[in-house]
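# Descriptive structure summary
Okay, here's what each chain looks like letter by letter:
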Number of protein chains: 2
Amino acid sequence: MSERIHATYWLETGDDPLRAAEVIAGEQSSGTFLKLANETPELKARSGAVVEKLEVLGTAPTPSLPGGMGSKVFTQCKLELSWPIENIGPCLPNLLSTVAGNLFELRQVSGLRILDMQLPPSFAAAYPGPAFGMGGTRQLSGVSSGPLIGTIIKPSVGLNPTETAEQVQLLVDGGIDFIKDDELQADGPHCPFDERVTRVMRVVNQAAQKSGRKTMVAFNITGDLDQMKRRHDLVLAHGGTCVMVCMNSVGLVGVTELRKHSALPLHAHRAGWGYLSRSPQLGWDFAAWQQIWRLAGVDHLHVNGLRNKFSEPDAVVVEAAQSVVKPLFDNKPMTVVPVFSSAQTGLQAHDTYAAVGSADLIVTAGGGIFGHPDGVAAGVTALRQAWDAAIEGTELTHYAHQHPELQRALTFW
Amino acid sequence: MSERIHATYWLETGDDPLRAAEVIAGEQSSGTFLKLANETPELKARSGAVVEKLEVLGTAPTPSLPGGMGSKVFTQCKLELSWPIENIGPCLPNLLSTVAGNLFELRQVSGLRILDMQLPPSFAAAYPGPAFGMGGTRQLSGVSSGPLIGTIIKPSVGLNPTETAEQVQLLVDGGIDFIKDDELQADGPHCPFDERVTRVMRVVNQAAQKSGRKTMVAFNITGDLDQMKRRHDLVLAHGGTCVMVCMNSVGLVGVTELRKHSALPLHAHRAGWGYLSRSPQLGWDFAAWQQIWRLAGVDHLHVNGLRNKFSEPDAVVVEAAQSVVKPLFDNKPMTVVPVFSSAQTGLQAHDTYAAVGSADLIVTAGGGIFGHPDGVAAGVTALRQAWDAAIEGTELTHYAHQHPELQRALTFW
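Now for a description of the structure that goes with this document. (Residues numbered from 1 in each chain as written. Chains lettered and ligands numbered in written order. Predicted model: local features only at pLDDT ≥ 70, side-chain atom pairs only at ≥ 80, totals over all residues. Heavy atoms only, no water.)

## Quick look at helix α12 (residues 314–325) of chain B
All names here are of chain B. Here is the rule we go by: Note on conventions: DSSP H or I runs of at least 4 residues are helices, E runs of at least 2 residues are strands, and numbering of each starts at the N terminus. The span one expects for a helix is its residue count, reduced by one, times 1.5 Å. Burial classification: accessible surface area is computed with a 1.4 Å probe over protein chains only, and a residue below 20% of its type maximum counts as buried, one above 50% as exposed, and the rest as partly exposed. To obtain the arc, one takes the directions from the helix axis to the C-beta atoms. Throughout, a contact is declared for two residues whenever any of their heavy atoms are within 4.5 Å.
Helix length check: α12 (12 residues) gives 17 Å between terminal C-alpha atoms against 16 Å at 1.5 Å per residue, within 8%. For α12, the complete set of buried residues consists of V317, A320, A321, S323 and V324. Within α12, the buried residues cover an arc of 160 degrees as seen down the axis, which keeps them to one side. Structural note: α12 exposes A315 and E319 on the side pointing more than 90 degrees away from its buried face. Against the buried residues of α12 lie α11 (286–296), β11 (300–302), β12 (337–340) and α13 (349–356).

## Focus on the side chain of E257(B)
Residue and element names in this part refer to chain B. To keep things clear, this is the line we draw: For the purposes of these results, a polar contact is taken to be a pair of N or O atoms within 3.5 Å, where, inside protein, one atom must be able to donate a hydrogen and its partner to accept one; residues adjacent in sequence count only when each atom of the pair is a side-chain atom.
With respect to the helices and strands, E257 occurs in helix α9 (residues 247–261). Residue E257 is classed as buried on the basis of its relative accessible area of 7%. Among the polar contacts made by the side chain of E257, one reaches the side chain of K260 at a distance of 3.0 Å.

## Describing the sheet that holds strand β1 (residues 4–13) of chain A
Residues and elements named next belong to chain A. Operational definition: Between any two strands, at least two bridges found by DSSP are needed for them to pair. To get an axis, fit a line to the C-alpha atoms, keeping to the stretch in contact for a helix; angles then go from 0 to 180 degrees between the N-to-C directions.
One open sheet holds the 5 strands; their spatial order is β2-β3-β1-β4-β10, and the pairing between them is mixed. With partners counted over all chains shown, the strands left at the sheet margins are β2 (50–60) and β10 (282–284), one partner each. Direction aside, neighbouring strands of the sheet carry axes that sit 15 degrees apart on average. Relative to strand β3 (residues 74–84), β1 is paired through 10 bridges, and the arrangement is antiparallel. Bridging across to β3, Y9 finds its partner in L79. Sitting on the sheet, helix α3 (residues 92–99) touches β1, β3, β4 (111–118) and β10, and the angle it makes with β1 is about 30 degrees. Along the sheet, helix α11 (residues 286–296) makes contact with β4 and β10, crossing β4 at roughly 50 degrees.

Next comes the structure, spelled out in structure tokens:
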């Protein structure tokens, strides 16, 4: 029995749904718009995509997206297609061309979104998955239980290396577990990468010598491949324990090559996720998208945060967070660390803990830490206390009675 | 005077448009949702994005995209932002994070689409652009004037190497200039890449020895980086003159690395373009998107075709085609070859020629060639005749009087 690739879609069509499904299946495998003499039944059986399921969900009087065929009614369905692995072999770029190539623009389609995928085991053999995951991240950061309490250097851009190091000093002194660059931070002349790493790691290493625990700093190394490799090597040479990469900015080959080269956890930022997902009738659900990057080998994956400052509703954030800790393959789970960010404070701790089902995660807060009236150390402590409360199942305000930093934090969160 | 990066957007917002514009500018540079003490006026002047222009286009009573802030009216505008190059340096991945990062999902945004960009000259110095372009393509293919008449191997997948070579033989005998793999063709066990290249190039080389002109075959080498390099080398070793890559499937680093390695023109396929562009209120206009890939160094760029089988209207296709031949920089135009495909016949020749303003292009037709009642050679000839007519400015049916292949073609196009 041949291995098959499965993908599910939300489809809206002005055509007969089954015909539209067959057109998509054909266009993404052996068929085309024109009937071909050499598309024999044998060839189709060998290479054709198969409509596995088609469930009608409802109808709409107008199309969600323009440019498609005219109709009086537009049927919305859940569609599952499958392809024989022999069409492409276990290759992620070719998988993308197949499950998310030239299908969104078909005239039969007035809405199409890829919801999920089920990949055959040969992908697990062909790709490495994360090298560190939560275990490696705990080991490097010295945080043996609970979430990594983190923050982001702000302003996003504009600080020079000395100012950046000063901010890191403040955070490290405050007991922070994790710090990341903003995704806009690069290697400009106002804040050259090498000098930033040198100054920041001096602070981090000095503090680690005293405390025995090294704050993990995710330096944004996003760039061309040679730049990323060189920057990674510099971080490593200075005793750094993490690098950050923007997946959509470097693309799949960028991440797979970085994974090969890297001796550090890859903190994966999803900048650009909005253009892939913001229209509910088009693009990508996170459950499908994140599989690609986990196979490619990232360790930490951004999932937004509950009650965030962006437009994503909480249900979508929960689904995203759960998707990255769901095993990809029975014998190779490739689970990664969900990273929560955007308007996070201790107030989301209980809900986030309940949603993920564990504290194997990174939470980053800016205002939620810096806004503490008693300073950064109190801010870090308060956020950790909120998580301690969540983990032991104690109500937040109750826990605050015995924990003054948390008590004070509740006044500004 | 510092160099600046400019980007224009179509923006819809439930907020005051200027405030929304300032939020986007802030979020994509030195600001954040929280007022920061260290975002000093000096820092903002040095690193902040600037709202250059904001033109209100109209209003709508409901938001185009869900999840944003509530409002009674949603204002649609054209917005131009600029950034100092010092924020990122001339680096394409960091440019992506800046102009198309975490802004589409802002709550202030109920629609956002990047329309165009104007990049400073330092990008021209940092990136190579196309190595071959139209000049190199004409030289390698021996087509000194007029468009390259091309086609695509169909069925997309399912033919074995022998069957593929047989189809190539038919096309080469018919005088075709250009053949490409379908983007779904990869390196599966039914049609291993090496055997396909070996068999196809044997046919192509033998024909070239007789005719003195070698058909250009764009083999799809899309894959992981090592795979692409190895496949490229194999094509080169067998005397091939072109390789194809799916940009969205390999990403920016995939293309820049391939450009460094390649000794052959890069035929760039835009599979997945639909999920980036199909919603008019979200994502990318081609005019902005194509700049990235031209800088990265592709030679041929797909632009769909007039009266295509997909959902893109002709006006969008024309804009796309014109955008790729518009110089990127005064001293380094980096123009690439527009590739027209999808339901193309000779009937689109005149309009396409008028839109591009030259015949420096590749046109690929499937049914438009194979459907000719007198066979493939007649189909190729008829398509070339249609273009000859367009170039000399003769009306198609008039030209057909003296050209029997075209005459016959008009009965089935």
